[in-house]
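A structural walkthrough
Spelled out from the first residue to the last, the chains are:
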Number of protein chains: 2
Amino acid sequence: MSTSSAGTAQPAARTFTVDRLIEFITRSYVAVGMPEADARTTATLMIEADLLGSDAHGIFRLPQYIRRAREGGFNLRPDIRIERETAATAVLDGDNAMGHLVVQRAAQIAIAKAREAGVAWVGLHHGNHAGAGAVYARMPLAHGMIGIYGAVGSANHLPPWGGMEMLLSTNPLAIAVPACEEPPVVLDMATTVASYGKIKARAQRGESMPEGWMMGYDGKPLLDPKRSNEGFLMPIGGHKGYGLALMIGLFAGSLNGAAIGRDVVDFNADYRSVTNTGQCVIAVNPAAFGDPQVIGRDVDRVVREMRSAKRLPGVDRIQVPGEGSHRRRETQLREGITLPAPLLDILARLAGDLAIAPLA
Amino acid sequence: MSTSSAGTAQPAARTFTVDRLIEFITRSYVAVGMPEADARTTATLMIEADLLGSDAHGIFRLPQYIRRAREGGFNLRPDIRIERETAATAVLDGDNAMGHLVVQRAAQIAIAKAREAGVAWVGLHHGNHAGAGAVYARMPLAHGMIGIYGAVGSANHLPPWGGMEMLLSTNPLAIAVPACEEPPVVLDMATTVASYGKIKARAQRGESMPEGWMMGYDGKPLLDPKRSNEGFLMPIGGHKGYGLALMIGLFAGSLNGAAIGRDVVDFNADYRSVTNTGQCVIAVNPAAFGDPQVIGRDVDRVVREMRSAKRLPGVDRIQVPGEGSHRRRETQLREGITLPAPLLDILARLAGDLAIAPLA
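Residues numbered from 1 in each chain as written. Chains lettered and ligands numbered in written order. Predicted model: local features only at pLDDT ≥ 70, side-chain atom pairs only at ≥ 80, totals over all residues.

**Observations regarding the overall build of chain A**
Broken down by element type, chain A carries 10 helices and 12 strands. Against the compact-globule benchmark of 21 Å for 360 residues, chain A has a radius of gyration of 20 Å, which places it among compact chains. Projected onto the principal axes, the alpha-carbon positions of chain A cover approximately 60 × 55 × 45 Å. A total of 360 residues make up chain A; the buried ones form 57% of that total. Sequence separation of 24 or more characterises 64% of the internal contacts of chain A that already satisfy a separation of 6 or more. (Helix = DSSP H or I, 4+ residues; strand = E, 2+ residues; numbered from the N terminus. Rg over C-alpha atoms; globule rule 2.2 N^0.38 Å. Buried ≥ 20, exposed ≤ 12 C-beta atoms within 10 Å, placed from the backbone. Contact = placed C-beta atoms within 7 Å.)

Encoded structure:
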């Protein structure tokens, strides 16, 4: 147990196995009426986000999801179905299910279609917040395929460039490319400098934000994450990030008949309205483009070139995207996932509310 | 004719019709041995870049392309062919043709395949620099489709994040989405804060660069575009832009068996080596996702929401991506394209070299 510099006792962080955490999340969902199989799938996908280091999209979100389930915001007995399809596309009606279930289905369909068609683009409407994009972009990797994920975020935090009215979300983009001997290259980015999840995590840890993450409505930098409702997120590269967020929004929203712009329900503030969240998953089969081994070895080469590039003074190591989360995933699978004390308190209260056994 | 503030005569900019410029470029290529039809196609695509406001990718590039053609860097009698295909993908061998010809062919194939398959992803190798990405991303618009274009740029200007060795190019991404009543939404961005084309144009105009465009090898901001060989471009959003550039590079390069990383030939310095440039064009058919009219009207709505958002103090107007180039295109189609005096001088010398009639 750690102690503060003043010597007073600090609440301790604790480490759990993946199985233990999945079990706890599963029981939480079952307690609010979700079928066991769906609960376990959702739990596994949430913990996958923690494994990859996307703490703000893992078990951290459980209280919010459970509250939405209890208040009727999710359909706990959904009929997720293909509404429309071609050889290389599909549109799913998520039937307001837990977002994780709908996006996983979209990824499975994209993988199956890309096997023959070489590429497949699957969109969905009436989904919900689905956590970390990398979780879904990585799904095609197990089939030797590239995965791409885009989403309309579940709350608007970004104004159009030059504006102060938040009409776009962080609209994340995740891309996963298989290598041969190297770990896959996996990019998972918000089109804003910071994601709202990261800001929430900073607020929970009592830390401030660097300049450039948010701007206040007064046009000045906003540094206190607890005051995040007094401003908006900044896009990467100014107008470029705005353009990218808009395009991902059109792909995941307008193209699928899902919410975008003023239609978006702020799922941090409203636990009941149907969000009509839209996402898309694209799978690309390297076998349609060449010998997958040759392509994978070229990815290896590129990764190694980046990593061995001459470094700027003071830089110890150059990484490729996804290298850090890959290492973190391996370590946490072996050593377990450590949850900070404030989150443990929240989860303990949740267990009490749901009358289930606490995490132990 | 404009005069300087000191009253001395300045060389004059001059305005030409689109047809006149296409004719001049066509004659230039024919003079170095390109078949007339290919010359005219290339000329039309180059002037399309000028029309859209991408001056750095239009007629401005002609002397460089002509030099490469004369020194044997292009195959002027290429056999551009489909090497591999599925219902929704194709890989083209560009046979070291003028890049514009190869990417246009890729876009045509993507459009044809997406009509049935709903989406099509066409990659190519052994292409060359093809100018402005928006030109190709916009091609599916005429068929009611979304277009996406990605490329490995034709010279490395971007190090991996934390590095100082330039192993990536600006790797541009262009996306065009049709609306219904509104002009299409068209994003055309380098993954760097500035593109090298823009920097070249600044150098030609004798202007300096803002801080944040380039970093010198000394780790300090580089402001003089004429010293651009003393540093490297900065990615948008730091490590995010690096990740995006790498991913676009893997899609356009590794997946197609095209150059990326240390393989990339600097086409600004080497006019003879085969560049093996890679690009990809994706077409997405909204009809596979829903009623194209309904989707187009939702894009209209989103565009109008962005444009009418509450503005920050001092901002006159909020734009959506592509709005400026759309207006510029309409105006220039009507009023002609104005070329600055230094470029006119260069083109006059080129006409002399090629023994063709000068622009008049």
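Now that the structure has been shown, we can carry on.
**Some details on the interface of chain A and chain B**
In this assembly, 61 residues from chain A lie in contact with 62 residues from chain B. If you list the elements that add at least two residues to the side of chain A that touches chain B, you get β3 (89-93), β4 (119-127), β6 (173-177), β7 (185-189), α7 (239-252) and α8 (292-307) of chain A. With 7 residues, the top contributor of residues to the side of chain A that touches chain B is α7 of chain A. Counted by class, the side of chain A that touches chain B contains 38 nonpolar, 15 polar and 8 charged residues. (Nonpolar A, V, L, I, M, F, W, Y, C, P; charged D, E, K, R; others polar.)

**Observations regarding the environment of H125 of chain B**
Residues and elements named next belong to chain B. Positionally, H125 belongs in strand β4 (residues 119-127). Placed 154 residues apart in sequence, H125 and Q279 show a C-alpha to C-alpha distance of 7.1 Å. The contacts of H125, once residues within four sequence positions are left out, are D93, G94, N256, G257, A258, N276 and G278.

**Some thoughts on unusual backbone geometry**
All names here are of chain A. Residue N171 is not a glycine yet carries a positive backbone phi of 25°. Take N171: it is sitting in the loop between β5 (146-151) and β6. Using a count of 28 C-beta atoms within 10 Å as the deciding quantity, one classes N171 as buried. Positive phi values are uncommon outside glycine, yet A355 reaches one of about 55°. Within the secondary structure layout, A355 lies in the segment after α10 (341-354). Accessibility expressed as a C-beta count within 10 Å gives 7 for A355, which makes it exposed.

**Observations concerning the packing of helix α3 (residues 62-70) of chain A against α10 of chain A**
Helix-helix packing: each pair is described by the crossing angle between the helix axes and the interaxial distance. Residues and elements named next belong to chain A. Direction vectors running N to C along α3 and α10 enclose 25°, while the axes themselves pass 10 Å from each other. Our classification of the angle between α3 and α10 gives roughly parallel. Crossing handedness for the pair α3 and α10: left-handed. On α10, the residues that touch L62, P63 and I66 of α3 are I346, L347 and L350. (Axes fitted to C-alpha atoms, helices over the stretch in contact; angles between N-to-C directions. Parallel < 35°, antiparallel > 145°, perpendicular 65-115°, else oblique. Left-handed = near helix turned anticlockwise from the far one by under 90°.)

**Examining the confidence of the model for chain A**
All names here are of chain A. Per-residue confidence for chain A gives a mean pLDDT of 94; residues scoring 70 or more make up 97%. Overall, residues 1-7 carries pLDDT values under 50, and its contacts beyond four positions in sequence, including any with other chains, amount to 6 contacts. Across the interface, the model reports ipTM at 0.94; the global pTM reads 0.95. (pLDDT = per-residue confidence, 0-100.)

**Let's talk about the sheet that holds strand β10 (residues 231-233) of chain B**
Residues and elements named next belong to chain B. Spatial strand order, β9-β8-β10: 3 strands in an open sheet with antiparallel pairing. Strands with a single pairing partner mark the edges of an open sheet, and in this sheet they are β9 (221-222) and β10. Relative to β10, strand β8 (residues 214-216) runs antiparallel, the two being bridged by 3 bridges. Across the sheet, M215 pairs through a bridge with F232, a residue of β10. (Pairing = 2+ DSSP bridges.)

**What to know about the domain arrangement of chain A**
Residues and elements named next belong to chain A. Here the domain parsing of chain A yields domain 1 (1-70 + 336-360) and domain 2 (79-192 + 235-322). At the interface, 13 residues of domain 1 touch 9 residues of domain 2. Of all the elements in the fold, those that place two or more residues in the side of domain 1 that touches domain 2 are α2 (36-51) and α3. Of the residues contributing to the side of domain 1 that touches domain 2, the split by class is 4 nonpolar, 4 polar and 5 charged. (Domains from an automatic or database assignment.)

**Here we look at the relation of the copies chain A and chain B**
Once turned by 180° and shifted 0.0 Å along the axis, chain A lies on chain B with an RMSD of 0.0 Å. Within this description, the copies of the chain are treated as partners about a two-fold rotation axis. (Least-squares fit on C-alpha atoms with pLDDT ≥ 70 in both.)

**Things to note about α3 of chain A**
Residues separated by three or four positions in an α-helix point in the same direction, a consequence of the helix having 3.6 residues per turn. Residues and elements named next belong to chain A. Residues of α3 that are buried include every one of L62, Y65, I66, R68 and A69, and no others. For α3, the arc enclosing every buried residue in end-on projection is 160°, short of the 170-degree limit, so these residues lie on one face. Looking at the buried side of α3, the elements it contacts are α1 (18-31) and α10. At the C-terminal side of α3, G72 shows a positive phi close to 90°. (Arc of directions from axis to C-beta.)

**Looking at the sheet that holds strand β8 (residues 214-216) of chain A**
Residues and elements named next belong to chain A. Taken together, 3 strands build an open sheet; the order of strands is β9-β8-β10 and the sheet is antiparallel. Since the sheet does not close on itself, it has two edges, and those belong to β9 (221-222) and β10 (231-233), each with one partner. Pairing analysis gives 2 bridges linking β8 to β9, with the strands arranged antiparallel. When the bridges of β9 are listed, M214 appears paired with L222.

**Some words on helix α9 (residues 323-335) of chain B**
The end-to-end C-alpha distance of α9 of chain B, which contains 13 residues, comes to 18 Å, matching closely the 18 Å that a straight helix rising 1.5 Å per residue would cover. Where α9 of chain B terminates, the next one or two residues include G336 of chain B, which has phi positive at roughly 95°. (Expected span 1.5 Å × (residues − 1).)

**A word on the pairing of β6 of chain A**
All names here are of chain A. In terms of burial, β6 is largely enclosed, as 5 of its 5 residues are buried. Residues L173, I175 and V177 of β6 are buried on one face, and the alternating residues A174 and A176, pointing to the opposite face, are buried as well. Where β5 and β6 come together, 4 bridges link them in antiparallel fashion. The partner of Y149 across the bridge, within β6, is A174. When β6 meets β7, the two strands line up antiparallel, connected through 5 bridges. Opposite V177, over in β7, you have V185 as the bridge partner.

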